[in-house]
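Residue strings, one per chain:
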Amino acid sequence: MASPRLETFCCPNRDKSTQFVLNFQPRFFSAICIGSASVSLIFAILQILPKRRGYRRLGQYPLPKPTSSSRILLIISLCDILGCAGILLRSSVWLGSPNFITEMSVINSTEVWPTAFCVGSAMWIQLFYSASFWWTFCYAVDVYLVVKRSAGQSTIVLYHMITWGLAVLLCVEGVTMLYYPSISRFRI
């Protein structure tokens, strides 16, 4: 869902293959996006809900501090929830008002809001799914470090820098490369 090809749906300067997909069955495509994002959203929310602790009573023992692996899984779930929310919002707008997207063009540059919405929603979706990918990578590294040695609080700060830094870097680079022809004509 975080494909740069899908982001070209919002570009005013579309290529022929993107235009073909948009004209093929836009309602069906938006409905599939809403359905798959809803299922993903439900399971991501179920992932972050508190788990039952069995027979242990709450007042009996202090709860242990969560490990870095459980924090990473929580962050992955939050990234998925925010990415799904972006897909739900974008697909709902596309389904609710199909003329919102089709009126974008390079020639008619008076309407800024459809382009701003598309760029914003594409960046939102790309950022959070990229962050989810990098957090999954850090989860694998953390599991490896736990097996080899003890991973602790110091590694979680490094994971934050790696994942959010790479996600923002790739998102900005992708948007710049994808929308540069559209942005360059707005120079003053």
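For the structure itself, consult the block above.
This text gives an overview of the structure that appears in the document.

Looking only at helices and strands, the chain features seven helices and zero strands. Each helix and strand of the chain, placed in order from N terminus to C terminus, yields the pattern α-α-α-α-α-α-α. For the chain, with 188 residues in total, the buried portion stands at 35%. The long-range share in the chain, meaning contacts at least 24 apart out of those at least 6 apart in sequence, stands at 80%. Counting only carbon and sulfur atoms, one obtains 70% of the accessible surface of the chain, whose full area is about 12000 Å².

Moving on, we come to a nonpolar patch on the surface. Taken together, Val39, Ile42, Phe43, Ile45, Leu46 and Leu49 make up a surface patch of nonpolar side chains, about 560 Å² in accessible area. Within the fold, Val39 resides in helix α3 (residues 26-48). Relative accessible area serves as the criterion here: at 47%, Val39 is assigned to the partly exposed category.

With respect to the secondary-structure elements, Pro26 resides in helix α3. Taking the C-alpha atoms as reference, Pro26 lies 9.7 Å from Ser91; in sequence the two are 65 residues apart.

Further remarks concern the environment of Cys118. Checked against the element boundaries, Cys118 lands in helix α6 (residues 113-148). Separated by 28 residues in sequence, Cys118 and Arg90 place their C-alpha atoms 7.8 Å apart.

Aromatic ring pairs are described here by two measures, namely the spacing of the ring centres and the angle between the planes. Counted by the stated rule, this structure contains four aromatic pairs. Ring centres 6.2 Å apart and planes at 80° place the aromatic pair Phe128 and Trp164 in the edge-to-face group. In this pair, Phe128 is assigned in helix α6 and Trp164 in helix α7 (residues 153-184), connecting sequence segments 36 residues apart. Summarising the aromatic geometry, the rings of Trp134 and Phe137 are spaced 6.0 Å apart at their centres and angled 85° between planes, so their arrangement reads as edge-to-face. Highlighted residues: Trp134 and Phe137, both in helix α6, separated by three residues, approximately one helical turn. Owing to a relative accessible area of 18%, Trp134 belongs among the buried residues under this scheme. The class of Phe137 is partly exposed, set by a relative accessible area of 42%. A network of ring pairs unites the aromatic residues Trp124, Phe128 and Trp164 as a single cluster. Looking at Arg90, its charged tip hangs above the ring of Trp94, at a distance of 5.0 Å from the centre.

All right, on to the packing of α3 against helix α4 (residues 68-96) then. Here α3 crosses α4 at 155°, and the two axes come no closer than 8 Å. Between α3 and α4, the angle falls in the class roughly antiparallel. The handedness of the crossing between α3 and α4 comes out as left-handed. Looking at the contact of α3 with α4 residue by residue, the classes come out as 16 nonpolar, seven polar and two charged.

Helix length check: α3 (23 residues) gives 33 Å between terminal C-alpha atoms against 33 Å at 1.5 Å per residue, within 8%. If you follow the buried residues of α3, they end up packed against α4.

Our next topic: the environment of Ser132. Looking at the element boundaries, Ser132 is found in helix α6. Among the residues examined, Ser132 registers a relative accessible area of 7% and is labelled buried. Among residues more than four places away in sequence, those in contact with Ser132 are Ile76, Cys79 and Asp80. There is a polar contact of 3.0 Å between the side chain of Ser132 and the side chain of Asp80.

The rules behind the values
Residues numbered from 1 in each chain as written. Predicted model: local features only at pLDDT ≥ 70, side-chain atom pairs only at ≥ 80, totals over all residues. Heavy atoms only, no water. Helix = DSSP H or I, 4+ residues; strand = E, 2+ residues; numbered from the N terminus. Buried < 20%, exposed > 50% of the residue type's maximum accessible area, 1.4 Å probe, protein only. Contact = heavy atoms within 4.5 Å. Areas by Shrake-Rupley, 256 points an atom, 1.4 Å probe, with all protein chains shown as cover. Patch = residues over 30% accessible without salt bridge, like charges linked within 9 Å, V, L, I, M, F, W, Y side chains within 5 Å. Salt bridge = Lys/Arg side-chain N within 4 Å of Asp/Glu carboxyl O. Phe/Tyr/Trp six-rings, centres within 6.5 Å; stacked < 30°, edge-to-face > 60°. Lys NZ or Arg CZ within 6 Å of the ring centre and 35° of its normal. Axes fitted to C-alpha atoms, helices over the stretch in contact; angles between N-to-C directions. Parallel < 35°, antiparallel > 145°, perpendicular 65-115°, else oblique. Left-handed = near helix turned anticlockwise from the far one by under 90°. Nonpolar A, V, L, I, M, F, W, Y, C, P; charged D, E, K, R; others polar. Expected span 1.5 Å × (residues − 1). Polar contact = N/O pair within 3.5 Å; in protein donor to acceptor, adjacent residues only side chain to side chain.

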